[in-house]
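# Chain and residue survey
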Amino acid sequence: MSSYRLFILFLLLAASTLTGCSATLKELSQIPEPYQLSAIGKADTGKPFAISSRGQAAVISDGGVKLIALDKEQEPVKVTPLPASALAFSPEGDRLAVAIPAEGARTDLRIFDTGGKTVAESSIPAQAAALAWTGGGRLAVLALELKRYSFGTLVNSVVFLWDGKNSPVSEMVGSVTLRPPLSKLPDEAILQNRNLAASPFGDEIAYTVLRDPPMFTPYQKVITRHLATGRTSEVADTSVNSQALLYFPDGDTLLIGNGQGMSRRVTIPDGKEIYAWPSAGAFPAISPGGSYLYLDGRLYQDGNRTAYFPEKTRGVFLPDGSALLLSWNGTLYRLSGLNEMKRAPRPTDPARFLELRRLRAQGLIEEKEYRDRRGRMLVK
Amino acid sequence: MKMTAPLMVTLLAAIGLALPSGLLAAESCVGCHAEKTPAAVAQWRQSAHGKAGIGCESCHGSDHDRILKGEAKVDLTRCAPCHPKATKEHQASRHGLGLHTGWGCTRNLPDRKKDECRFCHRQGDEAPSTLVQCARFLKQSSEMAHVGCNSCHMVEGSCDSCHSKHSTDLAIARDPASCAKCHMGPDHPQWEMWQTSEHGILNKSAGRKLGPDCQSCHMPAGTHNVSSGITMNSGGVPYPAGQRAKARDEMVKICSGCHAPSFARRELEQGDAVRSQSLAILKEAEETILDLNTLGLLDPMPDHRPPHPLSGFQLVTDAQMLYEDTSHIERLFFKMKKYDYAKTVKGAYHQNPAYAHWYGNAELKMDLIDIKSEARRLKERKKAEPGQAGIEEELRSLKGRFERGALSAGDYAKEKARLLDRGN
């Protein structure tokens, strides 16, 4: 009998170890009224997920990509059983782009429709792809190439632009030979130094490239690139391992996390800081109107922290700002009860507004001339 | 009678003592050269040098091997010790201001010949003897550089550019045809415009006293400073006011040898007015081209053609502009500036109506039409390409004008606002 009791005790111990802490997300969080938290599906821990404007979430579950209908009771749609490293819905929500690590330091790119059917696929000779949809239905991809040498590690940052029809067009945007001690890091640690975001107006991307100058601490440079003209601006510096780079809905400010306990909102193109949060910014999200900010488990509303979750909980806002989806410990949750008071600014004449931004990107008008007219061309 | 050897030596020694040493040395050359280079010997015998007993070795040296190798050419440094006044005047003039072509060593250019070094270097000198840069020279073949460029542009150090090599007959140097060798043709036809001017016609029909020639006005009283009285640089750009006024007084003084000073001054001032008007036309054309360059519309753009020898992949419209490896509109501007502007202005100062007007002014204005038309064509071609917004071109053009100083900061801001708010 005693051996039977020992066996039961061992089983209990093993079960508690495998499931981790048995506490729920709700128990580990501070979720005041009027927020409500509810589990809506499965999502692999620590993996990215995305939400479409058509009410779908793309998650990585059981190692593969699945589509979950957020407002309907239906079985998740299996998209691909392959492990994805990045997911991104197109602004219209009709396309899901997926990056899948492939052999030979390559990455396969696939685009699926809302039913999970492959509509385009390609492959790029680089790894650790970050994805962002830009205007005109083009997918921007930032990926890295690593070459190990005895004297250091060469890291090339390459931006690919893919229209889903022709082969992706590539341009090397950064190249650095890392010196020890950075070059001694394993591939995974170096490869996480890539950040990519697309402007809400679709005409610009922001990305980071590694720099490792002699006599100075290595860092990442935050660069914006106007896609139509190719003009770039070096906006700010951030530390190595920073994994936070997002556009605010105004399209003229960026959220940059330094990975070391500080996230900043800075203006484009001069990198002037207008706000800072004491948070590394590992898993940032901004609500569509900009009322809410989710940073490393903290939910801020208009600058005030209103809810708290375990630090490694990933979050993404719904495109209408009504809820925040959270991924924690293998489960996808919906935090509803958000009150998005603001609306993302929209241009009254999109073509003319994009022209104004193009002129600024080329340095043909001053920043003040841009901002004066920008204010008149946007409605909130 | 048979002469003994000692008697022969004594006789030669006596002759040697009686003759100037140079002549003695010359005679040692003349024996052979009367046969090998008879013209040189004949000219020398008749020259002031020959008559004064200045022999061959005075200018050529006595190292026959060097002479045979072509290393004993006579240049200004040989003449200067005996002709200091002429040298000083020459060096103060535009003829003496480093007109050697070619600073910017040619040794790295393909197919260049070693003897080109002497264009810029004296024997044994590493430093070039001139600081003049010439992109057009650097684009030439070795042969064309020699025949086409340096026949004229070595005047800085070569007295024989105007004087003949062995004859010292001043009639040669005083003949306007001596000037014509270089001062003719499409880029600066001073000889032609003088010939068909009132001065030239009188010179031909009534002689030098009534009709002045080049030397009368540009080398008064035999000075070797051919630039006194000139109020602009060789590119036709007026000197600063102070320098201009001083030069003008010099020229009025020269003219006053025949004319009332007030008349001379008025005539020259009319030339000044023509020059200003022509410069304005030229500037308008240049602005058009700079604008096209700003807009990226030159065809080909400077970064899509062989590099300029001095400026690389840059647009060059100044004195170093090229007539090859350039765009069509720049080639039109080259003709306008180097030929037609020069004809207009120099035609006006040389009192030649046909050159000032038909060959100059009319061509200048027609050039501007051609250049503007070509600019329109290039802009329209660009507009036909998809995705080319007109406002971008206009803003880029404004920016270029502002950066070149052609537009004030206030006007730039005003013009930008007008474009940006158009249609609001």
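Reading the values: the criteria
Residues numbered from 1 in each chain as written. Chains lettered and ligands numbered in written order. Predicted model: local features only at pLDDT ≥ 70, side-chain atom pairs only at ≥ 80, totals over all residues. Heavy atoms only, no water. Core = buried A, V, L, I, M, F, W, Y, C linked by side-chain atoms within 4.5 Å. Buried < 20%, exposed > 50% of the residue type's maximum accessible area, 1.4 Å probe, protein only. Domains from an automatic or database assignment. Contact = heavy atoms within 4.5 Å. Buried area = accessible area lost by both parts, 1.4 Å probe. Salt bridge = Lys/Arg side-chain N within 4 Å of Asp/Glu carboxyl O. Nonpolar A, V, L, I, M, F, W, Y, C, P; charged D, E, K, R; others polar. Pairing = 2+ DSSP bridges. Helix = DSSP H or I, 4+ residues; strand = E, 2+ residues; numbered from the N terminus. Axes fitted to C-alpha atoms, helices over the stretch in contact; angles between N-to-C directions. Parallel < 35°, antiparallel > 145°, perpendicular 65-115°, else oblique. Phe/Tyr/Trp six-rings, centres within 6.5 Å; stacked < 30°, edge-to-face > 60°. Polar contact = N/O pair within 3.5 Å; in protein donor to acceptor, adjacent residues only side chain to side chain.

## Section: the nonpolar core
Core analysis: the biggest nonpolar cluster contains 34 residues, and L292, L298, I329, F333, M336 and I371 of chain B have the highest contact counts within it. One finds A86, A97, A120 and A126 of chain A within the second-largest nonpolar core, a separate group that totals 18 residues.

## Structural notes on the domain arrangement of chain B
Think of interface size as the accessible area that goes away when the parts come together; that is how it is often given. Residues and elements named next belong to chain B. Taken as a whole, chain B is organised into domain 1 (72–162) and domain 2 (264–420). The interface of domain 1 with domain 2 comprises 8 residues on the first partner and 14 residues on the second. Roughly 860 Å² of surface becomes buried between domain 1 and domain 2 when both sides are summed, with 54% attributable to carbon and sulfur atoms. When the area that domain 1 buries against domain 2 is broken down by residue, the three leading residues are A135, R136 and K139, summing to 72%. Between the two partners, domain 1 and domain 2, sit 1 salt bridge. Between D325 and K139 there is a salt bridge whose closest N-O contact spans 2.5 Å. The residue inventory of the side of domain 1 that touches domain 2, partitioned by class, reads 4 nonpolar, 2 polar and 2 charged.

## What about the sheet that holds strand β16 (residues 219–226) of chain A?
Residues and elements named next belong to chain A. Reading across from one edge, β14-β15-β16-β17 is the order of the 4 strands in this open sheet, with antiparallel pairing throughout. The two strands at the open ends of the sheet, each matched to only one other strand, are β14 (196–198) and β17 (232–239). Strand-to-strand, the axes of this sheet are offset by a mean angle of 20°, without reference to chain direction.

## Some details on the packing of helix α18 (residues 261–294) of chain B against helix α19 (residues 328–349) of chain B
All names here are of chain B. At their nearest, the axes of α18 and α19 sit 9 Å apart, and the two run at 175° to each other. By the angle between their directions, the pair α18 and α19 is classed as roughly antiparallel. Each residue belonging to the contact of α18 with α19 can be placed in one class, and the counts come to 15 nonpolar, 3 polar and 5 charged.

## As for the sheet that holds strand β24 (residues 298–301) of chain A
Residues and elements named next belong to chain A. Judged by pairing direction, the sheet is antiparallel, and its 4 strands sit side by side in the order β22-β23-β24-β25 without closing on themselves. The outermost strands of the open sheet, each flanked by one partner alone, are β22 (285–286) and β25 (304–308). As paired elements, β22 and strand β23 (residues 292–295) share 2 bridges and run antiparallel to each other. Counterpart to A285 in the pairing with β23 is Y294.

## Side note on the packing of aromatic side chains
Evaluated as defined, the whole model comprises 10 aromatic pairs over all chains. Geometrically, the ring pair formed by Y275 of chain A and W277 of chain A is tilted, given 4.8 Å between the ring centres and 50° between the ring planes. Exposure remark for Y275 of chain A: the relative accessible area of 39% places this residue in the partly exposed category. Note on Y323 of chain B and F334 of chain B: the rings are 5.3 Å apart at their centroids and 70° apart in plane angle, and the pair reads as edge-to-face. You can see Y323 of chain B sitting in the loop between α18 and α19 and its partner F334 of chain B sitting in helix α19, a full 11 residues away along the chain. For Y323 of chain B, a relative accessible area of 41% puts it in the partly exposed group.

## Considerations on the interface of chain B and chain A
Contact with chain B, which involves 14 residues of that partner, is made by 13 residues of chain A. Summed over both sides, the interface between chain B and chain A buries roughly 1100 Å², with carbon and sulfur atoms accounting for 44% of that surface. Sorting the residues of chain B by area buried against chain A places E392, K416 and L420 of chain B first, and these three jointly supply 42% of that buried surface. At the surface where chain B touches chain A, the tally comes to 4 salt bridges. Notably, a salt bridge pairs K416 of chain B with E369 of chain A, separated by 2.9 Å at the nearest N-O pair.

## Some thoughts on the pairing of strand β21 (residues 273–277) of chain A
The two faces of a sheet get side chains in turn, since along a regular strand they alternate between them. Across 4 bridges, the pairing between strand β20 (residues 263–267) of chain A and β21 of chain A is antiparallel. Residue pairing in the sheet places S263 of chain A in a bridge with W277 of chain A of β21 of chain A.

## Looking at the domain arrangement of chain A
Residue and element names in this part refer to chain A. For chain A, the assigned domains are domain 1 (34–341) and domain 2 (345–380). Listed per partner, the contact involves 14 residues of domain 1 and 14 residues of domain 2. On the domain 1 side of the contact with domain 2, F201, R231 and D252 bury the most area, a combined 46% of that side's loss. At the boundary of domain 1 with domain 2, the tally comes to 5 salt bridges. Counting across the domain 1 and domain 2 interface gives 10 residue pairs in polar contact (both at pLDDT 80 or more). Of the residues assigned to the side of domain 1 that touches domain 2, the class counts are 4 nonpolar, 5 polar and 5 charged.

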